[in-house]
Amino acid sequence: MRLKNVPGAREAIAQSDLVVHEPGEAKGNWRQIFGNDHPVHIEIGMGKGKFIHGMAGRFSEINYIGIEKYSSVLFRAVQKMEEEPLGNLKFVRMDAEEIDQAFAEDEVDRIYLNFSDPWPKDRHAKRRLPSREFLARYARILKPDGCLEFKTDNRALFEFALEELPHAGWRLKALTYDLHHDEDMMRGNIMTEYEEKFSSKGNPIYKYIISRI
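So, here's what we can say about the structure.

A separate point is the pairing of strand S7 (residues 206-212). Within S7, 6 of the 7 residues are buried, leaving the element largely enclosed by the surrounding structure. Two elements, strand S5 (residues 142-152) and S7, share 6 bridges in a ladder whose sense is antiparallel. Note on S7: the bridge partner recorded for Glu-149 is Ile-209. Strand direction decides the pairing type here: strand S6 (residues 170-176) and S7, joined by 6 bridges, are antiparallel. Within S7, the position partnered with Leu-172 by the bridge is Ile-210.

Let us now look at the nonpolar core. Ile-42, Ile-44, Phe-103, Ile-111, Tyr-138 and Leu-148 are the most contacted members of the largest nonpolar core, which has 37 residues in total. Elements supplying a minimum of two residues to this core: helix H3 (30-34), strand S1 (40-44), strand S2 (63-68), strand S4 (108-114), helix H6 (132-141), S5, helix H7 (155-168) and S7. Residue contacts for Ile-44: discarding those within four places in its chain leaves Ile-67, Ala-96, Ile-99, Ile-111, Tyr-112, Leu-113, Leu-129 and Tyr-138. Core analysis: the second largest hydrophobic core is formed by 21 residues, Ala-9, Phe-51, Ala-77 and Tyr-112 among them.

Strand order in this open sheet of 7 strands is S3-S2-S1-S4-S5-S7-S6, and the pairing throughout is mixed. Because the sheet does not close on itself, it has two edges, and the strands there are strand S3 (89-93) and S6. For this sheet the average axis-to-axis angle between neighbouring strands, irrespective of direction, equals 20°. Here S1 pairs with S2 via 5 bridges, running parallel.

Further remarks concern the pattern of salt bridges. Applying the stated criterion to the full structure yields 13 salt bridges. Of the charged contacts, one joins Arg-31 and Asp-109 as a salt bridge, the two residues approaching to 3.1 Å between their closest N and O atoms. Here Asp-109 lies in strand S4 and Arg-31 lies in helix H3, a separation of 78 residues in the sequence. Classification of Asp-109 by relative accessible area gives buried; the value is 17%. The partner of Lys-151 in a salt bridge is Glu-195, with the nearest N and O atoms 2.6 Å apart. Taken together, the residues span a long stretch of sequence, with Lys-151 in strand S5 and Glu-195 in helix H9 (residues 193-200) at a distance of 44 residues. The same class applies to Lys-151 as to Glu-195, namely buried. Sharing partners across several salt bridges, the network here consists of Arg-31, Asp-109 and Lys-143.

Mapped onto the secondary structure, Arg-171 falls in strand S6. Between the C-alpha atom of Arg-171 and that of Arg-212, which follows or precedes it by 41 residues, the distance is 6.1 Å. Residues within four places of Arg-171 in sequence aside, it is in contact with Ile-209, Ile-210, Ser-211, Arg-212 and Ile-213.

Attention now goes to the packing of aromatic side chains. Inspection of every chain in the model, using the stated rule, returns 12 aromatic pairs. Ring centres of Phe-150 and Phe-158 lie 6.2 Å apart, and the angle between their planes is 25°; this geometry places the pair in the stacked category. For Phe-150, a relative accessible area of 0% corresponds to the buried category. For Phe-158, a relative accessible area of 0% corresponds to the buried category. Between Tyr-194 and Phe-198, the aromatic rings sit 5.8 Å apart at their centres with planes inclined by 10°, giving stacked as the arrangement. Placement of the pair is Tyr-194 and Phe-198 together in helix H9, with a separation of 4 residues, close to one helical turn. An aromatic cluster is built from Phe-150, Phe-158, Tyr-177, Tyr-206 and Tyr-208, whose rings are joined through pairwise contacts. In this arrangement the basic side chain of Arg-128 is found over the ring face of Phe-160, its NZ or CZ atom lying 4.5 Å from the centre.

What counts as what
- Residues numbered from 1 in each chain as written.
- Predicted model: local features only at pLDDT ≥ 70, side-chain atom pairs only at ≥ 80, totals over all residues.
- Heavy atoms only, no water.
- Buried < 20%, exposed > 50% of the residue type's maximum accessible area, 1.4 Å probe, protein only.
- Helix = DSSP H or I, 4+ residues; strand = E, 2+ residues; numbered from the N terminus.
- Pairing = 2+ DSSP bridges.
- Core = buried A, V, L, I, M, F, W, Y, C linked by side-chain atoms within 4.5 Å.
- Contact = heavy atoms within 4.5 Å.
- Axes fitted to C-alpha atoms, helices over the stretch in contact; angles between N-to-C directions.
- Salt bridge = Lys/Arg side-chain N within 4 Å of Asp/Glu carboxyl O.
- Phe/Tyr/Trp six-rings, centres within 6.5 Å; stacked < 30°, edge-to-face > 60°.
- Lys NZ or Arg CZ within 6 Å of the ring centre and 35° of its normal.

Purely geometric stuff here, so don't read any function into it on its own.
Below, the structure is given as structure tokens:
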């Protein structure tokens, strides 16, 4: 559900103080940016921000950073934040491939991947956010005791993600092939826009939680 060519989106983002415009300069300094030493959780590919805004509203003792590369989509998240401001949520417009340029080693406590682009063609496997190439990037910024949570409705992508774990040096902590009927893993779940859409059609939602070995 990518929004394209929203007039004025890029300009509005450039002027917004809800967006960190030089993430490279923020590297290693995120707790100073938030003005506290709370844990840092990030969502990569946050879309219009429903999930991370909901998380930030529920857990004020955690600092959240939403990362999205499309200006027109990020613009919607900024609009929502302007309507419902939260002091523990910031946004960054950047490509996930540059994630370790925005965060220092062991600076992040938790990473969320929600309904990532499946990149279905084999030649594009390295572009998938749960691929071993991206897991290596995440390992550089995640604390040793941190974890990554991944949700999707795409069975093929989920199976691919599971197959990548041993190659990337990560271990499985929790797994479900039907999140909305798993009482333990559903506890505290906040749905994304895609999750609402697909689950309303009866599609199962797959989820894992992993950590570094």
